[in-house]
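Residues per chain, in single letters:
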Amino acid sequence: REILDQLPAFVVVKDAENNVLDANHTANLYFTGDATSMRGHNCYEMFPPEVAERWHAQDLRVLADGESLSGLVEQMPGSGPPRWMATICFRSAMP
């Protein structure tokens, strides 16, 4: 856990229903301003519908076929100056 929280990258672990199971310190601070507040929330509650739907569709695709997605570049949701992120989506062995 300590290693994840030291990463400058956003790490978010979700289930098949788009609920956040865990997120590292960087993701929590950027998306919510709080170090622990993403856990237990659904992405549809935290992000614009089109963003949550796109991310959920990507997750379901990975869960269905087991193939990782990478090279996805998009503008990050949120206020402030535009920022871009590259997404890697993969199936985790976590229970």
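Now for a description of the structure that goes with this document. (Residues numbered from 1 in each chain as written. Predicted model: local features only at pLDDT ≥ 70, side-chain atom pairs only at ≥ 80, totals over all residues. Heavy atoms only, no water.)

**Topic: the pairing of strand E4 (residues 84–89)**
Put simply, the rule reads: Relative accessibility thresholds used throughout: buried, under 20% of the residue-type maximum; exposed, over 50%; partly exposed, between the two (1.4 Å probe, protein chains only). Helix and strand labels come from DSSP, where a helix needs a run of H or I of at least four residues and a strand needs a run of E of at least two; each type is numbered from the N terminus. Strands are labelled as partners when DSSP assigns at least two bridges between them.
Burial of the side chains of E4 is restricted to one face: Met85, Thr87 and Cys89 are buried, whereas none of Trp84, Ala86 and Ile88 on the reverse face is. Summarising the sheet, strand E3 (residues 69–75) and E4 pair through five bridges and their orientation is antiparallel. Looking at E4, one finds that valine 73 is bridged to alanine 86.

**Overview of the packing of aromatic side chains**
Stated formally: Aromatic rings from Phe, Tyr and Trp, with only the six-membered ring used for Trp, were paired whenever their centres fell within 6.5 Å, and each pair was classed as stacked if the ring planes differed by under 30 degrees, edge-to-face if by over 60, and tilted otherwise.
Under the defined criterion, the tally for this structure stands at six aromatic pairs. Considering the side-chain rings of phenylalanine 31 and tryptophan 55, the 6.5 Å spacing of their centres and the 70° angle between planes classify their relative orientation as edge-to-face. Here the residue phenylalanine 31 occupies a position in helix H2 (residues 25–32), and tryptophan 55 occupies one in helix H4 (residues 49–65), the gap between them amounting to 24 residues. The exposure class of tryptophan 55 is buried, given its relative accessible area of 10%. One aromatic cluster is present, formed by Phe10, Tyr30, Phe31, Phe47 and Trp55 through successive ring pairs.

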